[in-house]
Amino acid sequence: MGTFIGHISPGLAFLSFAFLYAVRYSWMVLNGNYNQYSTRKIASRGFLKSLPVEGVMKLIYGFMAVMAEFFFPPGVQKFRFFRSDDPDFHFLHPNEWQHVTMYGYFCLSGILDIVSQACLRTRFPLLEHAGVTAAFFVTTLLLKFHAHGKEAVEVQVHFLLLFTCALTFAILIIEFWFPNQPKLWFTKSWLVLVQGTWLLHAAFILYRPLSGHQWDGTNPADLMFLTTFYCWHLAFNAGIIVVLYWVTYLVHQHLRGMFKKDCYQLAEKGELEKLTAENADEEL
């Protein structure tokens, strides 16, 4: 949606995925697990327990976004993309249909995740990875042709978003051959996080400028500061990834310490029971 909430909502969705990726990959690295797509059989866990969090999130977010594009605000219906009574058959709602296509691919990716991890007897990682790669490719492609008839500020905002999506797509392509490289994992997490924060910032740039004054696309300074702010997003989000790794590390160390303490107490208890049994034998 070309509205304030239409940029806030996908921004929050990308943020949630980025946080999920960063924490998951941090935890895997700290545990010495470098297999991004661990295999398991559904029979050992059951359908509901096998449902992937990421897949369910994609499905829910994607479906809600598609419904919002078609039927928000209430009372509006933008499902038809042409009028049958128009002799020239001019297309209607091109922005909404491009958004629906983007969200639909992420929704499809979520369905493929669920099928692979909760429906098939053995997980099919290639299916999952192809789904999310296709979603970012389609998003990049549509963003390239999403700026027709828009002002310079909006064009540049979307170009920087396109640039980030294209880099994410490139990382996903590389992961087809090198899926178990932590450097690629964290780079992907960082780029998805940048997409989230940039969409949030874009909502305020385009619809609710904090200064109270609209950005001027004819002013070179305004356009230059757009890129400057984007570069700040890159550094800021890299710092967030580091903080998330550090917090995960602290939690990991705490749980590890608790586990060692429990093991030590159990070992002491075992030794005490052994000595008690030996004393009993001597008395007999």
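These numbers come from a predicted model, not from an experiment.

Q: I'd love a proper account of the environment of Glu96, names of residues and values included.
A: One can find Glu96 in helix H4 (residues 94–119). Exposure remark for Glu96: the relative accessible area of 17% places this residue in the buried category. Residues Glu96 and Val66 lie 30 residues apart in sequence; the distance between their C-alpha atoms is 8.8 Å.

Q: Mind laying out the UniProt feature "transmembrane region" (unreviewed entry) in the protein chain, listing which residues take part and the relevant values?
A: UniProt's entry tags residues 12–30, 51–72, 102–120, 127–147, 159–178, 190–207 and 227–251 with the feature "transmembrane region" (unreviewed entry), counted in the numbering of this structure. In residues 102–120, helix accounts for 95% and strand for 0%; the two terminal C-alpha atoms are 26 Å from one another.

Q: Could you give an account of the pattern of salt bridges, naming the residues involved and the relevant values?
A: Throughout the structure, instances matching the rule amount to five salt bridges. One salt bridge in this structure joins Glu54 and Lys58, with 3.2 Å as the shortest N-O distance. Taken together, the residues Glu54 and Lys58, both in helix H3 (residues 53–71) and four residues apart, mark about one turn of the helix. For Lys58, a relative accessible area of 4% corresponds to the buried category. Asp113 is the salt-bridge partner of Lys58, the closest N and O atoms lying 3.0 Å from each other. Here the residue Lys58 occupies a position in helix H3, and Asp113 occupies one in helix H4, the gap between them amounting to 55 residues. On the basis of relative accessible area, Asp113 is assigned to the buried category, the value being 4%.

Q: Residues and numbers for the packing of aromatic side chains, please.
A: Per the counting criterion, the structure on display carries 16 aromatic pairs. Ring centres 5.9 Å apart and planes at 85° place the aromatic pair Phe14 and Phe106 in the edge-to-face group. Highlighted residues: Phe14 in helix H1 (residues 4–30) and Phe106 in helix H4, separated in sequence by 92 residues. This pair shows no difference in class: Phe14 is buried, exactly as Phe106 is.

Q: Please give an account of the packing of H1 against helix H7 (residues 182–206) that cites residues and values.
A: Running from N to C, H1 and H7 point in directions that differ by 160°, and their axes come no closer than 8 Å. Judged by the angle between their axes, H1 and H7 are roughly antiparallel. Between H1 and H7 the crossing geometry is left-handed. A per-class count over the contact of H1 with H7 returns 25 nonpolar, seven polar and one charged.

Thresholds, definitions, all that
Residues numbered from 1 in each chain as written. Predicted model: local features only at pLDDT ≥ 70, side-chain atom pairs only at ≥ 80, totals over all residues. Heavy atoms only, no water. Helix = DSSP H or I, 4+ residues; strand = E, 2+ residues; numbered from the N terminus. Buried < 20%, exposed > 50% of the residue type's maximum accessible area, 1.4 Å probe, protein only. UniProt positions renumbered as here; feature names shortened; annotations may be inferred. Salt bridge = Lys/Arg side-chain N within 4 Å of Asp/Glu carboxyl O. Phe/Tyr/Trp six-rings, centres within 6.5 Å; stacked < 30°, edge-to-face > 60°. Axes fitted to C-alpha atoms, helices over the stretch in contact; angles between N-to-C directions. Parallel < 35°, antiparallel > 145°, perpendicular 65-115°, else oblique. Left-handed = near helix turned anticlockwise from the far one by under 90°. Nonpolar A, V, L, I, M, F, W, Y, C, P; charged D, E, K, R; others polar.

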